[in-house]
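# Structural characterization, general
Okay, here's what each chain looks like letter by letter:
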Amino acid sequence: SIFSMLAKSGYSQSITLDVKNETVAKIIDKIEATTEYRFVYNTRFVDLKRKTTLKAERTSIEDVLHSLFNNTNTTYKVNDRQVILKEGKKASIISEAPIIEIQKFEVKGTVTDANGQPLPGANILEKGTSNGTQTDFDGNFSLSVENENATLVVSYLGYTTSEVVVNGQSTLSVVLQEDAASLDEVILVGYGSQLKSELTGAVSSVNTEELTKATSATVDNALVGKVAGVQVSTNSAGPGGGMSVRIRGVGGVNNSEPLYVVDGIPISVGPNENSSPLSSINPKDIESISVLKDAASAAIYGARAANGVVLINTKRGKGGRSTININASQGFQSLANSYDLMDASTYAQFINDAAVNAGNTAPFTNPSSFGKGTEWMEVVTQTASVSDLNASFSGSNDNGNYFLSLGYFDQEGIVIGSSFKRLSLVANGDLRLSDKFRVGSSISVSRSKQIATGNPRAQNGNTIFDAAQHYPTLPVYDGNGDYAPTPNEAPYKARVNPLFDVEQLTPQAPEVRNLRGTVYLEYDILPSLTFKTSGSYTYGNTLRTEVGRIYELGLAISDMQTLLKEQRTGSTWLIENTLNYKWNNEDHNFDAIVGQSAQESEFENLRASGSYSLEGNELITTDAQFLDLANRFDDNSLMSYFGRLNYGYKGKYLITANLRFDASSRFGANNKWGTFPSVSAGWNIHKEDFFPEEGVVNSLKLRGGWGQVGNDNIGNYEFSTNALSNFPYSFSPNGTRFVGTAIDGVPNPDLKWETVTQYGVGIDAELFSNRLTLTAEYYNKKQTDMLVNVPQSAVTGLSGSNGAQGVLRQNIGELTNSGLEFSASYRNQIGDLTYSVGANITTINNKVTELGPNGELFSFFFSNFTRVRTYEGGELGEFYGWEEDGIFQNQGEVDAHATQNAGTAPGDIRFKDLNNDGVIDDADRTSIGSPVPDFTYGFNINLEYKDFDFSVQANGVQGNDVYNLTKSTMLDNTSPENKGNFVPWTASNPTNYPRAIQTDPNENRRSSSYYVEDGSYMRIRLIQLGYTLPSNVSEKVGVSNLRLYTSVQNPFTFTSYSGVDPEVGVAGNNNNLSSGLDHFVYPIARIFTFGVNISL
Amino acid sequence: CQEDFVEKVDKNGLNSDSFMRFELQAREAVTSVYDPLVHYGLYSWGFMIFGDAPTDNIENDWGDGNWGPSIVNIHNFNWQGSNTFVVRRWNSCYKGIARANFVLENLGKVEDFDEFSPEQFRGEVLFLRALYYYNLVTAFGDVPIVTSILSPAESNNVSKSSEIEVWNQIEADLVEAASLLPSSYGTDEQGRATRGAAYGMLSRVRLFTGDYAGAESAANSVDGLGYSLVSAEDYVKMFDGRLEFGSESIFEVNLVTEFGNVWNAHNTERSALMHLFPRLTWGNYMHPRRKGSYDILDIFEDGDIRREASILVPYVDQLFSPTLGEMRTFPDVETHGDFRPNIVNDEVYQMRKFISNDDNLWGGGAGFREGVAINIPVVRYAEVILNKAEALVEQNKLPEAEAALNLIRVRAELPAVSGLSQSALRQQIKDDRRIELMFEGHRWTDLKRWGDLSKISDAGLSYGGQEYYPIPSNEGNINPNLMEN
């Protein structure tokens, strides 16, 4: 290809060895242990048991390999740090070919991998003969075969073997698929990487190819169902919407998002229901993702690792040549499921009945005259487009590599007005200055704009809530073609026409600019001792502009134009220094790292607003009315020292120990420093002599670990309390207000991190010639000193003026999460069909074991009732209320039952009298469901048949409850808004819904099990069909690889949940005490996508 | 150096160590003690919800949204510890008390008083603390007495004091406040607590404790401070925004109109009484009682000017319409087509008190945004006179009691009473007190003080015998001590 640069190994390290009469296997182990070279081979082609003697001193890898395999059937190839061992017969075969004149058909071709990278040294054999050849450096080959119907067997180590029928073609393109099972993966761990076979902790790496198959703005969205032990759920299905990621159970009561480390930089993310923390990262730029699930692997991140760590590295140039990759896709989204609402005449009749039954006047004179009325959900939703365009340029040679990428993502929301756009740029590079010096940088810049219509989990709504609640009896437009106002007459309240709202009142998207850059320098002090220093800086800036409108639409009036500008700036610098020492001899292998890290972040917010009596102002000027300015500054810092020691004995016995000390500015004066240790060990049983070599089991590892990590994810100055000056009062008839200032809280200098103590054991196995991979793990996580916002008695003066209880952060409570994780994958080939299936399942056992002096924590006060209670012995955030016991069918049943409310009558919900005191009151409330699932699972299927590929991805959650607050609001008789499409109970038609009565004397709307449902679901997230152009065709159009694909996302969801979608995630500020609560969540979209991947 | 690196101080404001070291900060801290007065549970509209809604003054059988059901539940004696007004009354009172305690503990640390008087500040917060305890004890009975800044551990373990201990605390604070406070302020600070306010409250409080001589003496102290009843013509103006801080006003919660969101009551100093607006379709709470055979108009003697000043009777009463510049019969559906149907259909009465005199403000738009800035009378000279009359009649000082009562009756353009027996005079004082202070939040506490709660059942309410509201259930969850009897 035109961009190729001839290049050899980009890496070289000299080898010192002295072995006598040792097996080839041991020698390979030694080389791997002392260098970064990693061997890839198939045991069938390499005689590992052959014993030999070898002595080398600072010798190149090529020379060592030559000594090792000279005069054997094994040949070798060095590709950067990878050493590929292959069967080496062909040289003699070709030289033996005696009867050239019989061969009459000449075939030429190329062999590439799935990404279009040429595979040099691939074997091509004419089937049934000993006639064969090998590809050259650019993957090209030419071979004379018997006839034009010959079949070629193409094989390459680490790839699945493919058979190709020549069928008269003189030019062939052969694409080989990677055979992941036979490769020892390099896994990203904190401050380095490790071979999968040497891991002792619970680390899962995610295949980024799988991740990027689906169209999604952010990578967390694509993680759903992919990794055992990691539960990802959508908080808002809107474009760029927030996700919650829970690693190994439900963390503490606070923000339980993992720590994200992107290219070595821990990125500080504020939890946000409506916006993903990873929205600045283009998923297509991601090279690898590792999830550090246990304390043993995460302890190197100390006080921030309690909820696990997600390591993300962006791509770097590799493969020795220059490549251009272009990905483009266009999708169309439609509403997968909508709200079932009353039509206008049913609604009007219901409102009339509810009024009359309460002794009031029916507001509608002729309900049936309204007919179907307006379906407001249809009015505010749309078929929306999503475009994803990416171009990347990458390459490498002896002296370095580069990766440049440009991406553009543009998604409209299915709810009119919502959208997400991102322009992103990545420039990564590494440069070898000398044998000892290496430098490099990773730079990422992005600009995004998101309009999140948000989720109305709290009382007041957003577009979806407003549309679902709006009056079906009202038209969209009035007689003049203007937006129809809400008339000022019974029963209407001052609701804005929802279409007017989305078309005229949608705010401008805030513009978010992000910069993330790091530069490092690496120096080999000794061949075994490397010093690395790196400096990183991240900068984020959000500019929000809101321009109010002046309008009068019936009851909805705005007579001022309010202009608001807000500038939020955040920056973090990070300096890290590490010293890495590697030492080994025949049996022992040490790899130690010590380091220091210092990080400081600053955030500043500047907001100005002003109001004008006329529209048309673009800037806030000093002559504005009600000019308002606000400024806020936040900072925090973290200082750390850390170390890790890996020790391996003969590759069989592995041990890892971590230690980190952190000091955080977020903690109180009495508790700044924390210590976070961990140890873990592994046993590669298959390397033992007693292990049968030819058995079904190819590899077997037992591992286990223990460790402690912390959580500092709280506000910046929670140990102190500020005076607030927003308690004014006016003493004068002329309205002059005096500033009122008060200390609105209580300081807590004892505040410290929350500790997670975790242990676990795991088994990794490979069976059936590495085709089946299995992992099983047990984990047990105990959270102590949990950082709980403990409700304070109002007698201390802490309380919200809205009646909410005041809270104070304290280290109180204990929580355990334990469970089992299984993952399995199997891959095989039947003729032209290559298939792989993968599945994972995680069980979650969540229990609050201690919760402070009162043992209970109440939360989610919604519509006058507390909905959530966490208590000792229960699960985190269980739903709380009365237990429903059917509908009263007649007055006799009402009289026979415990006294509920004064006006309780037939058609009302009967609640259980749990304490049998004859009265239904607060004391009869209990746990009415839990959002914590019993288990979560995911699976995927990939099929490849000739040029076609097909994949399915799915996930599921089982055994959790969802609190259907939407239903509660849509049955609420006390509000005149539209209702869900239900038929209220009447004596003649005794349905299962409460009777219509405006006053709701029984409080049917109270928190009760009537609104709690099983939230289990299984969702097919993606079905994709791809077609790769045969390379002879693609080469004609000048590309090395061209794949076309089409996919559908979210085509099917299997659930018994009656709401719009059972995947409701976590509400509000990502507080685990408000999960599983569905209140008019943004509806999920079904996405049809067409795309193309091109490599040049 | 290492330690410094991880020391971060919140720069966004002063903290509990640095605040209130200067006299201007002390003034700001004192101001913050007034702030809870405008909260929903207190003088935004709680005074009427607690004081009138569960009594024979009110009809309230409809309520929607966040507030309506809670008010209906109070009216129907379905009293729950989760009721939002019960919670707000409790929280706001203790918020005020905690801020008062902060000022009292820190006044001594203020470096120099130059412009302001620390005695006056102390007097103000003592008066306010007493007023908050008064609003607690009348609603809940036994409550914890907190007179110092509590640590979180302490606040979650306090115990209740008996009702009489709370009354004694109130009395002590008011007596000290009266000794410290000035009798008046300049025009720009008329809303501050005065000596008259302390004595006026004291005259009321002592009726509750049965200290009638003390109540009489406190009322007499008020007499010497220059207050006078306004004329019959001005009477209604005290309740519709036209006459604030008049000669009869002793302490009123000062509400001011301004642009903003009315829901943030703690930031906006407006009352939530816009829910009474006759042109706001969805508020529609709390009408003067007319239910079954009970008609509140029956309690008024002919010619009582307080009838029209308190209640709007559809198609009978006339109001001045600023829109048209003339008197119009209420509801004036020609000028405004959007009155509530139950008013247009003459099914309910409408309150006159706390309804703006400007009919443009009664609807959704402008009124909604501006709220109600009509001041709420907390202590009014007429009440002090009635307190005195009650204190006198209980001491069997009948001629003096009659003289006091007649001040009120004559201003209402009613004939003076004379020669009544003690019980007849006592009843007349009660009847006039109900009318004089109607919808100002006194009825429930007065009926309870008099042992007359059966009147509530007589008027047709479903009264269940309650005397106290349950302490908010959330508080009991934190501190089980509060749930003990």
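Residues numbered from 1 in each chain as written. Chains lettered and ligands numbered in written order. Predicted model: local features only at pLDDT ≥ 70, side-chain atom pairs only at ≥ 80, totals over all residues.

### A look at the overall build of chain B
From N to C terminus, chain B includes 22 helices and 10 strands. Relative to the globule expectation of 23 Å for 485 residues, the C-alpha radius of gyration of chain B, 23 Å, shows essentially globular dimensions. Considered along the principal axes of its C-alpha atoms, chain B spans approximately 80 × 55 × 45 Å. Every one of the 485 residues in chain B was classed for burial, and the buried ones make up 54%. (Helix = DSSP H or I, 4+ residues; strand = E, 2+ residues; numbered from the N terminus. Rg over C-alpha atoms; globule rule 2.2 N^0.38 Å. Buried ≥ 20, exposed ≤ 12 C-beta atoms within 10 Å, placed from the backbone.)

### So, the overall build of chain A
A tally of regular secondary structure across chain A gives 13 helices and 61 strands. Here the C-alpha radius of gyration of chain A, 33 Å, is about what a compact globule of 1096 residues would show, namely 31 Å. Dimensions of chain A, computed from C-alpha atoms along their principal axes, come out at roughly 105 × 70 × 70 Å. For chain A, the residues scored as buried account for 50% of the 1096 residues in total. Within chain A, contacts between residues separated by at least 24 positions form 69% of all contacts whose residues are at least 6 apart in sequence. (Contact = placed C-beta atoms within 7 Å.)

### Structural notes on helix α19 (residues 422-436) of chain B
Residues and elements named next belong to chain B. For α19, which comprises 15 residues, the first-to-last C-alpha distance of 20 Å matches the rise-based estimate of 21 Å (1.5 Å per residue) to within 8%. When we look at burial in α19, the residues that qualify are L425, I429, D432, R433, I435 and E436. Taken down its axis, α19 places every buried residue within 165° of arc, on the same side. Tucked inside the fold, the buried residues of α19 contact α14 (305-310), α17 (381-394), α18 (398-411) and α20 (443-450). (Expected span 1.5 Å × (residues − 1). Arc of directions from axis to C-beta.)

### Some words on the interface of chain A and chain B
By convention, interface size is frequently given as the accessible area that disappears when the constituent parts associate. The partner chain B presents 82 residues to the 71 residues of chain A that form the contact. Residue assignment for the side of chain A that touches chain B shows that the elements contributing at least two residues are β33 (625-649), β34 (653-664), β37 (723-724), β38 (729-730), β40 (742-743) and β48 (856-862) of chain A. For the side of chain A that touches chain B, the element with the highest residue contribution is β33(A), accounting for seven residues. Looking at the side of chain A that touches chain B, its residues break down into 31 nonpolar, 33 polar and seven charged. (Nonpolar A, V, L, I, M, F, W, Y, C, P; charged D, E, K, R; others polar.)

### A word on unusual backbone geometry
In this model, B:F330 is joined to B:P331 through a cis peptide bond whose omega is -5°. The topology assignment puts B:P331 in the loop between β8 (326-329) and α15 (341-344). Unusually for a residue other than glycine, A:D263 sits at a positive phi of about 50°. Residue placement: A:D263 occurs in the loop between β18 (259-262) and β19 (265-267).

### With respect to the sheet that holds strand β49 (residues 865-871) of chain A
Residue and element names in this part refer to chain A. On the basis of which strands lie adjacent, the open sheet formed by four strands has the order β48-β49-β50-β53 and antiparallel pairing. Of all the strands in the sheet, just β48 and β53 (926-929) have a single pairing partner and so form its edges. Each strand axis lies, on average, 45° off the axis of its neighbour in the sheet, ignoring direction. Examined bridge by bridge, β49 and strand β50 (residues 878-881) share two bridges and lie antiparallel to one another. If you follow V868 over to β50, its bridge partner there is F879. (Pairing = 2+ DSSP bridges. Axes fitted to C-alpha atoms, helices over the stretch in contact; angles between N-to-C directions.)

### With respect to the nonpolar core
Residue and element names in this part refer to chain B. Grouped together as the largest cluster of nonpolar side chains are 231 residues, with contacts concentrated most on F127, A130, L174, A198 and M201. With 14 residues, the single largest contributor to this core is helix α7 (residues 118-140). Summarising the domain contributions, this core has at least three residues from each of domain 1 (29-181 + 453-485) and domain 2 (265-287 + 295-374). Apart from the residues within four sequence positions on either side, A198 is in contact with F127, L174, A177, A178, L181 and A193. (Core = buried A, V, L, I, M, F, W, Y, C linked by C-beta atoms within 7 Å. Domains from an automatic or database assignment.)

### Describing the environment of A:G874
Residue and element names in this part refer to chain A. Looking at the element boundaries, G874 is found in the loop between β49 and β50. For G874, a count of 19 C-beta atoms within 10 Å puts it in the partly exposed group. Sequence-wise, G874 and E977 are 103 residues apart; in three dimensions their C-alpha atoms are separated by 36 Å. Among residues more than four places away in sequence, those in contact with G874 are V848 and S927.

### Quick look at the pairing of strand β32 (residues 588-612) of chain A
Side-chain direction in a regular strand flips from residue to residue, so the side chains alternate between the two faces of the sheet. Residue and element names in this part refer to chain A. Pairing of strand β31 (residues 561-584) with β32, which is carried by 24 bridges, proceeds in the antiparallel orientation. Directly across from K582, in β32, lies its bridge partner D591. Here β31 folds back onto β32 in antiparallel fashion, the turn holding three residues. Of the pairings in the sheet, the one linking β32 to β33 comprises 23 bridges and is antiparallel in character. Paired with N589 across the bridge in β33 is G648.

### Focus: the packing of α7(B) against helix α9 (residues 163-180) of chain B
Residue and element names in this part refer to chain B. One way to put it is that α7 packs onto α9 with a least axis distance of 8 Å and a crossing angle of 155°. Taken together, the axes of α7 and α9 lie roughly antiparallel to each other. Like other packed secondary-structure pairs, α7 and α9 cross with a definite hand, here left-handed. Here E119, Q120, R122, G123, L126, F127, R129, A130, Y133, Y134 and V137 of α7 lie close against α9, whose contacting residues are E163, V166, W167, Q169, I170, D173, L174, E176, A177 and L180. Its residues assigned to classes, the contact of α7 with α9 shows 12 nonpolar, three polar and six charged. (Parallel < 35°, antiparallel > 145°, perpendicular 65-115°, else oblique. Left-handed = near helix turned anticlockwise from the far one by under 90°.)

### Here's the deal with the packing of α7(B) against helix α10 (residues 195-209) of chain B
Residue and element names in this part refer to chain B. Where α7 contacts α10, the two axes come as close as 11 Å, and the packing angle between them is 30°. As judged from the angle between their axes, α7 and α10 are roughly parallel. Here the hand of the crossing between α7 and α10 comes out left-handed. Here F127, A130, L131 and Y134 of α7 lie close against α10, whose contacting residues are A197, A198, M201 and V205.

### Structural notes on the domain arrangement of chain B
Residue and element names in this part refer to chain B. The assigned domain composition of chain B is domain 1 (29-181 + 453-485) and domain 2 (265-287 + 295-374). Taken over C-alpha atoms, the centre of domain 1 sits 29 Å from the centre of domain 2. Looking at the side of domain 1 that touches domain 2, the elements that each hand over two or more residues are α3 (40-44), β1 (58-59) and α5 (68-75). Among the elements that make up the side of domain 1 that touches domain 2, the one with the highest residue count is α3 (three residues). Residue classes in the side of domain 1 that touches domain 2 are distributed as nine nonpolar, seven polar and three charged.

### What about the sheet that holds strand β8 (residues 132-134) of chain A?
Residue and element names in this part refer to chain A. Taken together, four strands build an open sheet; the order of strands is β8-β7-β10-β11 and the sheet is antiparallel. The sheet terminates laterally at β8 and β11 (162-165), the two strands that pair on one side only. Within this sheet the neighbouring strands show an average axis-to-axis angle of 20°, counted without direction. Sheet analysis places strand β7 (residues 123-126) next to strand β10 (residues 151-155), joined by four bridges and oriented antiparallel. Opposite N123, over in β10, you have S155 as the bridge partner.

### Looking at the environment of A:Q900
All names here are of chain A. Summarising the element assignment, Q900 is placed in the loop between α11 (891-896) and β52 (909-911). On a C-alpha basis, the gap between Q900 and E1003 in space is 9.2 Å, while along the polypeptide they are 103 residues apart. Once residues within four sequence positions are removed from consideration, Q900 is found in contact with F911, I920 and N1002.

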